[in-house]
Amino acid sequence: MAQIIVNIIIATGVTTLIALGFALIYQTTHFFDFAYGIILTSGAYFIFLFKEWLHFPLIISAIIAAILSALLGCLIDFFIYRQLRKQGATSLILLLASLGTYTVLQNVISIIFGDTTRTIRSGIIKEGISFLDARITSVQISIVCVSLLLVIAVALFLKKTRTGQAIRAVANDPQLAEIAGIKSDRIIGVTFALGSALAGVAGILISFDIDVTPTMGMNSMMAGVVAAIVGGVGSISGALLGALFLSTAQNVGAAFIGFQWQETIAFILLLAFLLLKPQGFLGKS
């Protein structure tokens, strides 16, 4: 049981980051951005590039990877989504464009890095720290701490800064925000940078704990999407609650019926909430 609790805490940290980044982009653009999954994958491959191929220090590699992930998200928005928005594209067209973007960029990653599984070496392999009959590695402790700090930082940014307040205004009512003098396209670009940075960091953290593959982003993104919906899109505390609920269900289920059922459990929860409580725990109808 102690190990299950530790696993839940670790999974909750990363899933909260993914859910928060996805929710920020979804709220301001009002469409399901499939390309968010490839941003997550890019974070893992960027740090692999700088850490393993170019032999940069770990911290420098992580910072560069997060910045490049944010930049990639901004470029996708500027060259694809913004042009479609100017033409009055519907949410369905934007969704299809994002799915195409995901497919193209995933294949670009496969061409550059290959389809083989990659591993990022974060240090000498050591036995995990014993804690209440459970084991947790230093990398996993770092994952939890970084996730918690970033969630707090984003919450403060959204509540205390003018840009954060503008993001919330555009998310609540884009037309009213425009009337108030807020440039929606600029704020959406900032949101893509912030959400993509969170996705990139999540990809980096995941790459430290498990192997890296070109398809890793989709499953991780869907876990974040389920957490965002379960918790209630638009609420940071909701993203945290949804991630905790999903991680608990998946890890308890894995302990009793097997790890191969984790994705099935996630989608059962998603269907249940869409049917019975589509606004999630803390969302609005």
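Residues numbered from 1 in each chain as written. Predicted model: local features only at pLDDT ≥ 70, side-chain atom pairs only at ≥ 80, totals over all residues. Heavy atoms only, no water.

Chemist: Kindly report on the overall build of the protein chain, identifying the contributing residues and their values.
Modeler: Helices and strands together make up the secondary structure of the protein chain, namely 11 helices and 2 strands. Counted from the first residue to the last, the protein chain has its helices and strands arranged as α-α-α-α-β-β-α-α-α-α-α-α-α. Expected size for 285 residues packed as a compact globule is a radius of gyration near 19 Å; at 19 Å, the protein chain falls within 12% of this value. Taken across its 285 residues, the protein chain has 48% of its residues classed as buried. Contacts in the protein chain between residues at least 24 apart in sequence constitute 75% of all its contacts with a sequence separation of at least 6. As displayed, the protein chain offers around 14,300 Å² of accessible surface, 69% of which is attributable to carbon and sulfur atoms. (Helix = DSSP H or I, 4+ residues; strand = E, 2+ residues; numbered from the N terminus. Rg over C-alpha atoms; globule rule 2.2 N^0.38 Å. Buried < 20%, exposed > 50% of the residue type's maximum accessible area, 1.4 Å probe, protein only. Contact = heavy atoms within 4.5 Å. Areas by Shrake-Rupley, 256 points an atom, 1.4 Å probe, with all protein chains shown as cover.)

Chemist: Could you give me a rundown of the packing of helix H9 (residues 216–231) against helix H10 (residues 236–257), with the residues and numbers involved?
Modeler: Viewed as axis vectors pointing N to C, H9 and H10 meet at an angle of 115 degrees, and their least axial separation amounts to 7 Å. For the element pair H9 and H10, the recorded crossing hand is right-handed. Together, Ala223, Val226, Ala227, Val230 and Gly231 of H9 and Gly238, Gly242, Ala243, Phe245 and Leu246 of H10 make up the contact between the two elements. Classifying every residue of the contact of H9 with H10 by side-chain character gives 7 nonpolar, 3 polar and no charged. (Axes fitted to C-alpha atoms, helices over the stretch in contact; angles between N-to-C directions. Left-handed = near helix turned anticlockwise from the far one by under 90°. Nonpolar A, V, L, I, M, F, W, Y, C, P; charged D, E, K, R; others polar.)

Chemist: Can you lay out helix H1 (residues 2–29) for me, pointing to particular residues and giving the numbers?
Modeler: Look at H1: 41 Å from first C-alpha to last across 28 residues, which is about the 40 Å you get at 1.5 Å a residue. Among the 28 residues that make up H1, 20 are buried, leaving the element largely enclosed by the rest of the structure. A positive backbone phi angle near 60 degrees is found at His30, which sits one or two residues after H1. (Expected span 1.5 Å × (residues − 1).)

Chemist: Which residues make up the side chain of Lys51, and what are the values?
Modeler: Following the sequence through the fold, Lys51 ends up in helix H2 (residues 36–53). For Lys51, a relative accessible area of 18% translates into the label buried. Here Lys51 is in contact with Phe56, Leu58, Ser61, Ile120 and Arg121, once residues within four sequence places are set aside.

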